[in-house]
Amino acid sequence: MEMTSDHIALLSAGAFLIVGMITGIWKYSHIMRSKTAEAPVYVDICHRTALMYAFACLVLQQLALHSRWSETVNVIAVVVPIVFFASAVATYALHGWLRDTDNQLRRPHVLGRHTVSSWAIRAYMVALIIGEIGGAAVLMAGAL
């Protein structure tokens, strides 16, 4: 069976929902053990972002269902933002696990005991912006 753009978006929504629920357990366990009833910043961000991206994938699914572009264009326009959604959630999870920062964009850019170059962060952010907005815009144009 060939995976269609809308099916990819729907399955991704389900995956992000499950990740959001699992990270909710992670967040809750930190809250229950903390004297201040708080989870590490990036555990909280990871949890909320995964849930938010679940719903964003449903919007991508609906746009893909109504897009007049070819299925190849629709698949690319769905997959590119979803890959960036997943990379963001993974990055937040990593920072939550490492507890290495409360702001990943603060310089120097910390990743565990290492630093990441400002150039790499900037390049990733530009690619993320283009990929997420571009994919959604292509689907939106196709639906128009």
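Located above this text is the structure these notes cover.
Residues numbered from 1 in each chain as written. Predicted model: local features only at pLDDT ≥ 70, side-chain atom pairs only at ≥ 80, totals over all residues. Heavy atoms only, no water.

K.L.:
Could you give an account of a nonpolar patch on the surface, with specific residues and numbers?
P.N.:
Nonpolar side chains collect at one region of the surface, where Leu17, Ile18, Met21 and Ile22 lie side by side and expose about 380 Å² of accessible area between them. Residue position: Ile22 is located in helix 1 (residues 5-33). According to the relative accessible area criterion, Ile22 is exposed, its value standing at 53%. (Patch = residues over 30% accessible without salt bridge, like charges linked within 9 Å, V, L, I, M, F, W, Y side chains within 5 Å. Areas by Shrake-Rupley, 256 points an atom, 1.4 Å probe, with all protein chains shown as cover. Salt bridge = Lys/Arg side-chain N within 4 Å of Asp/Glu carboxyl O. Helix = DSSP H or I, 4+ residues; strand = E, 2+ residues; numbered from the N terminus. Buried < 20%, exposed > 50% of the residue type's maximum accessible area, 1.4 Å probe, protein only.)

K.L.:
Describe the side chain of His30, listing the residues and the values that go with them.
P.N.:
Here His30 lies in helix 1. For His30, the side chain forms a polar contact with the side chain of Arg99, separated by 3.2 Å. The contact partners of His30, leaving out residues within four places of it in the chain, are Glu38, Ala39, Pro40, Val43 and Arg99. (Polar contact = N/O pair within 3.5 Å; in protein donor to acceptor, adjacent residues only side chain to side chain. Contact = heavy atoms within 4.5 Å.)

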